[in-house]
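Structural overview for review
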Amino acid sequence: MGDAKHQSQKGHKLHLNKNLTILDSYRHELSGARLILACNEEHDESLFIIAWVAPWQKTIKNYNSFKSELAALTAFSRDKATQPPITTEIARDWQHSKVSNWEQKFVDKNDAKLSIQQIENVIRLISKDFNLPHEIKLQHSKNLKANIATYDHKIRTITFGNISRLGDILHEMSHCIDADINGNNQGNWSDHGPSFMRTYLVLLDKYKHWDTLKYLENSARKAGVRIAAASSLPHLPEPEVIHSPHDHPHSLAVKTKLHLERDLTILKEIQHECSGARLIAAKINDGALDSTSGYIVEWIAPWQKTISSNHLLLDESYALRIFQEKEQKGVPFMPSLCRDWQRKKVKDWKKKAENKQSPDLTTEEIKNIVEKLSHDFGLAAAPTVEINKKIECGVCYNEAEQKIELTRPRLDHLLQGLAFHFDAFVNNNMNGHWADHNPGFVRTLLKLIELTEPERNCAALEKDASDTGIMIAPQSILPCPHVTP
Ligand SMILES: [Zn+2]
């Protein structure tokens, strides 16, 4: 202040269209708020008005007025370099319901629930990729139903309810990043404002590329959601590269999205049998990229049709060397691999595979089966088995406690619980590294049925599974069990 011609007015309401002529305006992309320089034709005393206006506002009460145009212009260019003030108008969460409606229609509605381990893995991966300054804590709340997950920045904690899908976790992580990196850290502007939306789209594109970014962004815009320009987000890290282009003149850090069949010719591939993931080295077909061409080497999940690659390799021999390196390192943690893509098919098939004639087992019988099979599969210790009538689905497996819970002591459910246990400790699908109902799980379950119920026709069961399109790992993934009599 201190400017004699400059006085702040509060309380006298001005309508943006009716009372004011906008002379100039500047948009703060992250919040969507506009700084306006306007002329108030009705008042003799205060001709020029400067105010920050939230996107939903039609009238303003807080503004600065100037008699001199020059003073107003000076203040306007000075304020342009700042952020909007923290006011209830700017902080109002004006597009929350639009974002939710769009989300329900277009994001993740058919995906399977993630396990706690998988949620933790996703959070750890994003925190690392975005170099977040604080650890994000996770808590589970059974009471959270309508809201699938929430994020509290003060305690840096994501609370999730009974169903959490990848999209829900990416939504909450977008709040973390919006606070920690975009600077929306004290409710400076809307929780679901343009900066949140752009961040959310970046995460959806990077970690959950079911749909193309273009499709998601267009659908959101059509739903009336405002999205900040990508260039306005501060310090978004470059996509992860295995080597910096500086070290290796044979590669470029370019973000590309390629269709497996249309855009690529595969040179070499291997399959990780248990998870079904494939490592491919491929040449990018001529014309698939605008101005350049080259090779990519990427791990892909079995259901994927397109690949998001961050790393374009410029010659074939270098690509094959990277292939070897990636093969040696093994399957990385990828959110796309957590997608439980054959869950429904396997669940339907499991029901058919169940043997309803099987009588309830005694505690002694359970103990014998579990110990014998654990030994046959080469494990030093056996998991514990408990009967818990509250379990809804018949069988529940807890990896951290190595515990199988059964509603009733049925053999078929016990074998399913053991298949989950062996999938973790024999096939190495630990900590939710890949999908629960993966090809290795199916093979393990088939093997367990074969070993414990020799009277059943396992070949027919297997044929039934593969006829319905279920991917089954080969026999060779399992240690050849030295069957004890
Ligand atoms: Zn939210």
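Nothing here was measured: the structure is a model prediction, and the numbers come from that model.

1. A few points about the overall build of the chain
For the chain, the count of helices and strands is 15 helices and 18 strands. Across the 485 residues in the chain, those meeting the buried criterion constitute 38%. When contacts within the chain are restricted to residue pairs at least 6 apart in sequence, those whose partners lie at least 24 apart make up 61%.

2. Topic: the environment of N398
Turning to its location among the elements, N398 is positioned in strand β17 (residues 395-398). The exposure class of N398 is partly exposed, given the 15 C-beta atoms found within 10 Å. Sequence separation between N398 and T384 is 14 residues, and the spatial gap between their C-alpha atoms is 10.0 Å.

3. Remarks on the pairing of strand β18 (residues 403-406)
Relative to β18, strand β16 (residues 384-387) runs parallel, the two being bridged by four bridges. The residue bridging V385 from the neighbouring strand is I404, located in β18. Relative to β18, β17 runs antiparallel, the two sharing four bridges. Paired with V395 across the bridge in β18 is L406.

4. Focus: the sheet that holds strand β8 (residues 157-160)
Ordered in space as β6-β8-β7, the three strands form an open sheet in which the pairing is mixed. Looking at which strands have only one partner, the edges of the open sheet turn out to be β6 (137-140) and β7 (149-152). Neighbour-to-neighbour, the strand axes of the sheet open up by a mean angle of 20°, direction not taken into account. For β7 and β8, the ladder comprises four bridges, and the chain directions are antiparallel.

5. Points about helix α12 (residues 363-376)
Across its 14 residues, α12 extends 20 Å between first and last C-alpha, which sits within 8% of the 20 Å expected from 1.5 Å per residue. Of the residues flanking the end of α12, it is G378, one or two places downstream, whose phi is positive at about 80°.

6. Focus: unusual backbone geometry
With phi around 50°, Q402 is a residue other than glycine that occupies positive phi space. Structurally, Q402 is set in the loop between β17 and β18. Residue Q402 is classed as partly exposed on the basis of its 15 C-beta neighbours within 10 Å. Positioned with a positive phi, N428 is a non-glycine residue whose angle comes to about 70°.

7. Here we look at the confidence of the model for the chain
Residues with a pLDDT of 70 or more make up 89% of the chain, whose mean pLDDT is 86. Within the model, pLDDT remains below 50 along residues 1-7, and this stretch shows ten contacts once partners closer than five positions in the same chain are excluded. Note that pLDDT drops below 50 for residues 239-247; the model gives that stretch 16 contacts with residues more than four away or on any other chain.

8. Notes on the pairing of strand β5 (residues 59-66)
If a strand is regular, its side chains alternate between the two faces of the sheet. Summarising the sheet, strand β4 (residues 48-53) and β5 pair through three bridges and their orientation is antiparallel. Residue pairing for β5: I50 is matched across the bridge by N64. If you look at the hairpin formed by β4 and β5, you'll find five residues sitting between the two strands.

9. Describing the sheet that holds β18
What the three strands build is an open sheet, ordered β16-β18-β17; its pairing is mixed. Edge positions in the sheet fall to β16 and β17, since each has one partner strand and no second. Sheet twist, expressed as the mean angle between neighbouring strand axes with direction ignored, is 20°. Against the sheet, helix α13 (residues 411-425) makes contact with β16, β17 and β18, and its axis sits at roughly 155° relative to β18, the strand it touches most.

10. Some words on the packing of helix α5 (residues 166-180) against helix α6 (residues 194-207)
Two elements in contact, α5 and α6, have axes whose closest approach is 9 Å; the angle formed by their N-to-C orientations is 125°. In terms of axis orientation, α5 runs oblique to α6. Between α5 and α6 lies a crossing of right-handed hand. Residues L170, H171, M173, S174, H175, I177 and D178 of α5 pack against S195, F196, T199, Y200, L203, L204 and Y207 of α6.

Each value, and the rule that gives it
Residues numbered from 1 in each chain as written. Predicted model: local features only at pLDDT ≥ 70, side-chain atom pairs only at ≥ 80, totals over all residues. Helix = DSSP H or I, 4+ residues; strand = E, 2+ residues; numbered from the N terminus. Buried ≥ 20, exposed ≤ 12 C-beta atoms within 10 Å, placed from the backbone. Contact = placed C-beta atoms within 7 Å. Pairing = 2+ DSSP bridges. Axes fitted to C-alpha atoms, helices over the stretch in contact; angles between N-to-C directions. Expected span 1.5 Å × (residues − 1). pLDDT = per-residue confidence, 0-100. Parallel < 35°, antiparallel > 145°, perpendicular 65-115°, else oblique. Left-handed = near helix turned anticlockwise from the far one by under 90°.

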